[in-house]
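Commentary on secondary and tertiary structure
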Amino acid sequence: MRVLTLENIKEYLRVDSDEDDTLINFFTEYAKEEIEDSTGVKFNEEGNSETYNMAMLIIIADRYENRASTDTEFKVNNILSCIYTRLKAGVINEWKSIS
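I will try to describe carefully the structure that is included in this document. A quick note: this is a predicted structure, and the numbers were derived from the prediction, not measured. (Residues numbered from 1 in each chain as written. Predicted model: local features only at pLDDT ≥ 70, side-chain atom pairs only at ≥ 80, totals over all residues. Heavy atoms only, no water.)

**Things to note about unusual backbone geometry**
A positive phi is found at Arg14, a non-glycine position, where the angle reads about 60°. Here Arg14 shows up in the loop between helix H1 (6-13) and helix H2 (21-39). (Helix = DSSP H or I, 4+ residues; strand = E, 2+ residues; numbered from the N terminus.)

Put into structure tokens, the structure is as follows:
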């Protein structure tokens, strides 16, 4: 389990300059909120599953690549929907093991 760094995200986005760092950090915070609102899974400062990290990267990439679009509503695509299902299942399994 690991926490994505700005450098990890920029590598995924294929961004070489520091020009968009503030924007990428904004989209990173947005992705955390989107995942929690959609799945109930909270960001863990000590590390997150690779499934969680992939969801973050997909959301960040979508917002970054569509930043000039007038459509500001985020739409969950098929792969992200599957990832959300996996994240939700993990939360349910955690709740069952606590009971």
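Having put the structure on the table, let's press on.
**Details of the packing of aromatic side chains**
Under the counting rule described, the total for this entry stands at two aromatic pairs. Plain terms: the ring middles of Phe43 and Tyr52 are 6.2 Å apart, the flat faces sit at 50° to each other, and that makes the pair tilted. Between Lys32 and the ring centre of Phe43, over which it is positioned, the NZ or CZ distance is 4.0 Å. (Phe/Tyr/Trp six-rings, centres within 6.5 Å; stacked < 30°, edge-to-face > 60°. Lys NZ or Arg CZ within 6 Å of the ring centre and 35° of its normal.)

**So, the packing of H1 against H2**
In contact at an axis separation of 11 Å, H1 and H2 are set at 100° when each is read in the N-to-C sense. Relative to H2, H1 is oriented roughly perpendicular. Here Leu6, Ile9, Lys10 and Leu13 of H1 lie close against H2, whose contacting residues are Asp21, Ile24, Asn25 and Thr28. Of the residues assigned to the contact of H1 with H2, the class counts are four nonpolar, two polar and two charged. (Axes fitted to C-alpha atoms, helices over the stretch in contact; angles between N-to-C directions. Parallel < 35°, antiparallel > 145°, perpendicular 65-115°, else oblique. Contact = heavy atoms within 4.5 Å. Nonpolar A, V, L, I, M, F, W, Y, C, P; charged D, E, K, R; others polar.)

**Regarding the nonpolar core**
Counting residues in each nonpolar core, the largest one holds 22 residues, and the members touching the most others are Ile9, Leu13, Ile35, Met56, Ile60 and Leu87. Secondary structure elements with two or more residues in this core: H1, H2, helix H3 (50-65) and helix H4 (78-98). Looking at which element gives the most residues to this core, the answer is H3, with nine residues. When residues no more than four places from it in sequence are discounted, the contact partners of Ile60 are Ile9, Leu13, Phe27, Thr28 and Ala31. (Core = buried A, V, L, I, M, F, W, Y, C linked by side-chain atoms within 4.5 Å. Buried < 20%, exposed > 50% of the residue type's maximum accessible area, 1.4 Å probe, protein only.)

**Observations concerning H2**
Between its first and last C-alpha, H2 extends 27 Å over 19 residues, near the 27 Å set by a 1.5 Å rise per residue. Within the sequence span of H2, burial applies to Asp21, Ile24, Phe27, Thr28, Ala31, Lys32, Glu34, Ile35 and Thr39. Each buried residue of H2 lies within a common arc of 165° when the element is viewed along its axis, so the set occupies one face. Turned more than 90 degrees from where H2 packs its buried face, Thr22, Phe26, Glu33 and Asp37 sit exposed. One or two residues past the end of H2 sits Gly40, with phi positive at roughly 85°. (Expected span 1.5 Å × (residues − 1). Arc of directions from axis to C-beta.)

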